[in-house]
Amino acid sequence: MAAVTEPVTTDANLLRPAESEKTLLRFFTAGSVDDGKSTLIGRLLFDTNGAYEDQVEAVRNSKVNRAAHGVDYSLLMDGLRAEREQGITIDVAYRYFATPRRKFIIADTPGHEQYTRNMATGASTSEAAVILLDARKGVLRQSRRHAFIAALMGIRHFAVAVNKMDLVGWSREVFDSIAAEFQTLASRLGHPRMTFIPLSALEGDNVAWRSARMEWYEGPNLLEWLETVEPGHAGEASAFRMPVQMVIRPSAEFRGFAGQIATGRVAVGDAVAVAPSGRASRVSRLVSFDGDLQEAFAPLSVTVCLEDEVDISRGDLLYTTRNAPEVARRLEGTLVWMSDEALETERTYLLQQGANIVPARVTALLDQTDVDTFATAPSQQLKLNEIGRVRLETSRPIPFDVFSTNRSTGRFILVDPLTNATMAAGIIERGEGAARRRAGDRFKPDPLTPAERQARFGHSAATVHLPGRSSAADMLERLLFEHGCHVVRLRGEEGRLAETLIESGVIVILDADTIGGDQNLPEDDEAAARLVMRRLETRGVISSGAVEQGEGI
Amino acid sequence: MGPVTADRRLSHLRALEAESIHIIREVAGQFARPVLLYSIGKDSSAMLHLARKAFYPGALPFPLLHVDTTFEYPELIEFRDAFVRQIGARLEVYTNQAAIAAGANPYALGTAKCCSLLRTRALVDALKQGGYDAALGGARRDEERSRAKERVFSFRDVNGHWDPKNQRPELWNIYNGRVDPGECIRVFPLSNWTEQDVWNYIQLEKIPLAPLYFARERQVIRRNGSLIPLETNVAVQPGEQPEPVMCRLRTLGCTPCSGAIPSGADTVQKIIDELTAFRRSERENRLIDHDQDGSMELKKREGYF
Ligand SMILES: Nc1nc2c(ncn2[C@@H]2O[C@H](COP(=O)(O)OP(=O)(O)O)[C@@H](O)[C@H]2O)c(=O)[nH]1
């Protein structure tokens, strides 16, 4: 697949010590409680010297030992274990170990509580998944769930570790039937590459060394698999994309666009363009602290200079003109909901995609997927740990590729602008509607219609005159705002702006004396404000339910 | 560009470097007033090096902050000032003057209390006083168990506190750095590095380090199973007998509390060789981490790095 290339610079300073020859693999592990995940990870760390001697000593001396004989390696992992027992944080923990060939980053995700959120988080940075099963129990609902979430997050390489083979007499039949059952899930998961490995985490068989007790098994042991698996989305397979993180401009002569190459490669002289504007140029320099480069590729962080003066700022996307991303305002995708507060389709969230942050609304919840059965069904609500397909609308067009073709530019998070909390992880499945186009095409937006604005705001435009009643106007502004309306309060002279504002679909409240208005409002400010709310409801400007029956007048 | 394997995959050190540079640039892009916490140790030296790479050929867009407990090794301060001058960075130094004036020291207060005032409290105060909304720190997840689940962007409330139960989920390489006034994000660009990685990177990049890391004969006393070099501010307790030992510091801390390890490693390569031979977790020699069970987690909740 990949051509052999020379290191791009031959700077003597960069001569490599043996340690730096390693490659990096990020993977995540999932298993149900007691399937042996802690034991397996502890074993991997121990057998590859990833655990420190003082930690191993502490484990050897521990009074707790659940292993029948030998050392209980799961104790190396007891950060999470202790938490679990005390019911504290159930969260993703990261572990590290290395062999002479590779450095590994494990995202260790608990398989039970908060599983969807944590597994999606752990899987998001991973290139491969190790899914653990107990040979005695076979494929459980949870196993299906683990595989589903891994596949949803774009993982194409699975090792299915059938653990506790010692407890089933190292039986080939047991292993084969579990493998066959799991294999039937493949088509539902988009056909990831699955490798089935029979092992015993406790005894170490087929973890870091080949088991003599399962000679019938001819595949790799787990460590061999980890050392050789080649993630399917290596940079050169995809088109060049680089989100611009910042513009570096130390002097009038230098203007560089700094970012980490998300996918693909780029070389000096390449034709590139920037989304969403579509302006094109050529790469004049690839600048790094260690000297200029002739070519660069994912996941390098570089600084790109262009031949022409192109207006580019943080949040823009550099791409190869040979293969442009899509640009759209209306998107369809899948959300993994991560907050205790359920999705609200009326709310404006911030969609954060690389360095690009835009206000966005979920306009429809299409359906929801049951992670145990993979079945989809219509749904009214999306709550913590649920997965749903949605339609989204962003306030500006955003550049993207669908997630199945590009894991980097097809993903985003939703942030609550009021609490700043991260609400959801999202993947983009398609752009839709008239706004869909290729980046670089001339953008001719359809003019916004009052109906579109009304659909977005949930109310139509209106003017309310409250001459000389400025505190009643304040009260009304508050009530309308809390009802979810887009409301603007114009004081005195500002009233002349009303017309322009009305055109943009908002509700305008005026208190200037000069304008005629309703003289028959109650003295009490709150009563007056509530009466106006009722009238707006009756006129169909705002939705009903704003004022409880019997209140107000 | 550095080591690239034959099939156009980056070596793990270059992949980690690229990730860290991305994180550091996000900080510059997302925050109004970031600061880089420079403790002069090997991790913050590596982080500072990465920051210089991130903005090249531009200058660092934020200052460095050193929380000086006044119990620092003098040669560390010398190294700091010379290095900062050489790279043309802006350095701010903060000390909890009130606590020092009140006589805070590890002998009177015990290491836990002293550290809490002169490092933890001082850091929180320094960040507040400077109005910083983001602070880059050199902590790594492999240092200690409670750090294993730490985020890259770690939210701290207005009091500088960390709430392990209420962390923002962190997906892909998308970092949510939104804060309200007074709140702060601690950012850890070296999250995914191990101690081994940092040393190998220092070797690869020839990053200058404080001489304390390298072995030479030092006068030490033995205390709680650690070797404490006798520098200014270290009070010899009754019954302690100074002796010359060939040793070096594995992590830098205050003079009275940083344990040295017996070692002949006087170059980075020898340190790497030694690390490969003796695999003990590096914080073992820092007295503060053993104060009480789960002490690191407690300190972090209060705002320690
Ligand atoms: N017989 C046997 N027991 C195992 C094996 N792997 C784990 N165990 C035991 O299964 C129990 C649960 O293991 P643990 O690693 O804590 O599971 P976790 O909940 O998935 O982390 C412990 O008592 C382990 O000693 C194995 O391969 N064979």
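Draft legend 1. Summary view of the overall build of chain A. The helix and strand tally for chain A stands at eleven helices and 26 strands. Taking as baseline every contact in chain A between residues at least 6 positions apart, the subset at least 24 positions apart corresponds to 68%. As displayed, chain A has an accessible area near 23700 Å², and 48% of this comes from carbon and sulfur atoms.

Draft legend 2. Spatial organisation of the overall build of chain B. A tally of regular secondary structure across chain B gives nine helices and ten strands. Buried positions account for 65% of the 305 residues belonging to chain B. Of the contacts made within chain B by residues no fewer than 6 positions apart, 73% connect residues no fewer than 24 positions apart. Carbon together with sulfur atoms contributes 50% to the accessible area of chain B, which is approximately 10700 Å² in total.

Draft legend 3. Quick peek at helix α7 (residues 195–205) of chain B. Counting buried residues along α7(B), ten of its eleven residues qualify, which places the element largely inside the surrounding structure. Within α7(B) the residues assigned to the buried category are B:Glu195, B:Gln196, B:Asp197, B:Val198, B:Trp199, B:Asn200, B:Tyr201, B:Ile202, B:Leu204 and B:Glu205. Tucked into the core, α7(B) has its buried residues touching β3 (102–108) of chain A together with α1 (12–30), α2 (42–55) and α8 (268–277) of chain B.

Draft legend 4. Representation of the nonpolar core within the structure. Membership of the largest hydrophobic core comes to 167 residues, with the highest contact counts inside it found for A:Phe182, A:Leu222 and A:Leu226. The element that contributes the greatest number of residues to this core is α1(B), accounting for eight residues. Core analysis: the second largest hydrophobic core is formed by 22 residues, A:Ala328, A:Leu331, A:Leu335 and A:Trp337 among them.

Draft legend 5. Helix α11 (residues 525–538) of chain A, seen in detail. Residues and elements named next belong to chain A. The end-to-end C-alpha separation of α11 is 20 Å, in line with the 20 Å expected for 14 residues at 1.5 Å each. What α11 keeps buried is the set Ala 527, Ala 528, Ala 529, Arg 530, Leu 531, Val 532, Met 533, Leu 536 and Glu 537. Lining the buried residues of α11 we find β24 (462–465) and α9 (470–482). Where α11 starts, the residue carrying a side-chain oxygen 3.3 Å from the main-chain nitrogen of Glu 526 turns out to be Asp 524. After α11 finishes, the residue Gly 540 shows a positive phi value of roughly 80 degrees.

Draft legend 6. Local environment of unusual backbone geometry. A cis geometry characterises the amide bond from A:Ala298 onward to A:Pro299, with omega recorded as 0 degrees. For A:Pro299, the position within the fold is in the loop between β13 (295–297) and β14 (301–306). Geometrically, the link from B:Tyr56 to B:Pro57 is a cis peptide bond, its omega value of 0 degrees lying close to zero. Structurally, B:Pro57 can be placed in the loop between α2 and β2 (64–67). Look at A:Asn420: it is not a glycine, yet its phi comes out positive at around 65 degrees. Residue position: A:Asn420 is located in the loop between β21 (411–415) and β22 (422–431). At B:Thr70, a position not held by glycine, the phi torsion is positive, near 75 degrees. When you line up the elements, B:Thr70 lands in the loop between β2 and α3 (74–87). B:Thr70 gets classed as partly exposed once you look at its relative accessible area, which sits at 37%.

Draft legend 7. Geometry of the packing of helix α4 (residues 115–124) of chain A against helix α5 (residues 141–152) of chain A. All names here are of chain A. The N-to-C vectors of α4 and α5 enclose an angle of 45 degrees; their axes lie 9 Å apart at closest approach. When the interaxial angle is binned, α4 and α5 end up oblique. The interaxial crossing formed by α4 with α5 has right-handed handedness. On α5, the residues that touch Tyr 115, Thr 116, Met 119 and Ala 120 of α4 are Arg 145, His 146 and Ile 149. Across the contact of α4 with α5, the residue classes tally to four nonpolar, two polar and one charged.

Draft legend 8. Molecular detail of the packing of α1(B) against α7(B). Residues and elements named next belong to chain B. Viewed as axis vectors pointing N to C, α1 and α7 meet at an angle of 95 degrees, and their least axial separation amounts to 11 Å. The angle between α1 and α7 falls in the class roughly perpendicular. Contacts from His 12, Leu 13, Arg 14, Leu 16 and Glu 17 of α1 reach α7 at Asp 197, Asn 200, Tyr 201, Leu 204 and Glu 205.

Draft legend 9. Inspection of the environment of A:Ala528 at higher detail. All names here are of chain A. By the secondary structure assignment, Ala 528 is in helix α11. Judged by its relative accessible area of 1%, Ala 528 is buried. Along the chain, Ala 528 and Lys 164 lie 364 residues apart, while their C-alpha atoms are 73 Å from each other. Those residues in contact with Ala 528 that lie beyond four places of it in its chain are Arg 469, Ala 472, Leu 521 and Pro 522.

Draft legend 10. Highlighting the pattern of salt bridges. Enumeration according to the criterion identifies 55 salt bridges over all chains in this entry. Measuring nitrogen to oxygen at the nearest pair gives 2.8 Å for the salt bridge that ties A:Arg285 to A:Asp292. A salt bridge links B:Arg222 to B:Glu243, with the shortest nitrogen-to-oxygen separation between them at 2.9 Å. One end of the pair, B:Arg222, is in strand β7 (residues 216–223); the other, B:Glu243, is in strand β9 (residues 243–249), and 21 residues separate them in sequence. Under the relative-accessibility criterion, B:Arg222 is labelled exposed at 52%. A network of salt bridges, in which partner residues are shared, links A:Asp35, A:Asp134, A:Arg136, A:Lys137 and A:Lys164.

Draft legend 11. Examining the sheet that holds strand β25 (residues 487–490) of chain A more closely. Residue and element names in this part refer to chain A. Spatially, three strands are ordered β24-β26-β25 in an open sheet, and the strand pairing comes out parallel. On the outer flanks of this sheet lie β24 and β25, each paired with one strand and no other. Geometrically, the sheet is characterised by an average inter-axis angle of 20 degrees between neighbouring strands, direction not taken into account.

Draft legend 12. Representation of the pairing of strand β1 (residues 23–30) of chain A within the structure. Residues and elements named next belong to chain A. Most of β1 is tucked away, with eight of its eight residues classed as buried. As paired elements, β1 and β3 share seven bridges and run parallel to each other. Bridging from a neighbouring strand, Thr 29 pairs with Asp 108 of β3. As paired strands, β1 and strand β4 (residues 128–134) are joined by four bridges and run parallel to one another. The residue of β4 that forms the bridge with Ala 30 is Ile 131.

Draft legend 13. Here's a closer look at the packing of aromatic side chains. If you walk through the whole model with that rule in mind, you get 14 aromatic pairs over all chains. When the centroid spacing of 4.7 Å and the interplanar angle of 20 degrees are considered together, the rings of A:Phe97 and A:Phe104 count as stacked. Across the pair, exposure class does not vary: A:Phe97 and A:Phe104 are buried alike. A network of ring pairs unites the aromatic residues A:Phe27, A:Phe97 and A:Phe104 as a single cluster. Lying across the ring of A:Phe374, A:Arg144 places its NZ or CZ 5.1 Å from the centre. Positioned above the aromatic ring of A:Tyr94, the side-chain terminus of B:Arg141 is 4.0 Å from the ring centre.

What counts, and where the lines are drawn
- Residues numbered from 1 in each chain as written.
- Chains lettered and ligands numbered in written order.
- Predicted model: local features only at pLDDT ≥ 70, side-chain atom pairs only at ≥ 80, totals over all residues.
- Heavy atoms only, no water.
- Helix = DSSP H or I, 4+ residues; strand = E, 2+ residues; numbered from the N terminus.
- Contact = heavy atoms within 4.5 Å.
- Areas by Shrake-Rupley, 256 points an atom, 1.4 Å probe, with all protein chains shown as cover.
- Buried < 20%, exposed > 50% of the residue type's maximum accessible area, 1.4 Å probe, protein only.
- Core = buried A, V, L, I, M, F, W, Y, C linked by side-chain atoms within 4.5 Å.
- Expected span 1.5 Å × (residues − 1).
- Polar contact = N/O pair within 3.5 Å; in protein donor to acceptor, adjacent residues only side chain to side chain.
- Axes fitted to C-alpha atoms, helices over the stretch in contact; angles between N-to-C directions.
- Parallel < 35°, antiparallel > 145°, perpendicular 65-115°, else oblique.
- Left-handed = near helix turned anticlockwise from the far one by under 90°.
- Nonpolar A, V, L, I, M, F, W, Y, C, P; charged D, E, K, R; others polar.
- Salt bridge = Lys/Arg side-chain N within 4 Å of Asp/Glu carboxyl O.
- Pairing = 2+ DSSP bridges.
- Phe/Tyr/Trp six-rings, centres within 6.5 Å; stacked < 30°, edge-to-face > 60°.
- Lys NZ or Arg CZ within 6 Å of the ring centre and 35° of its normal.

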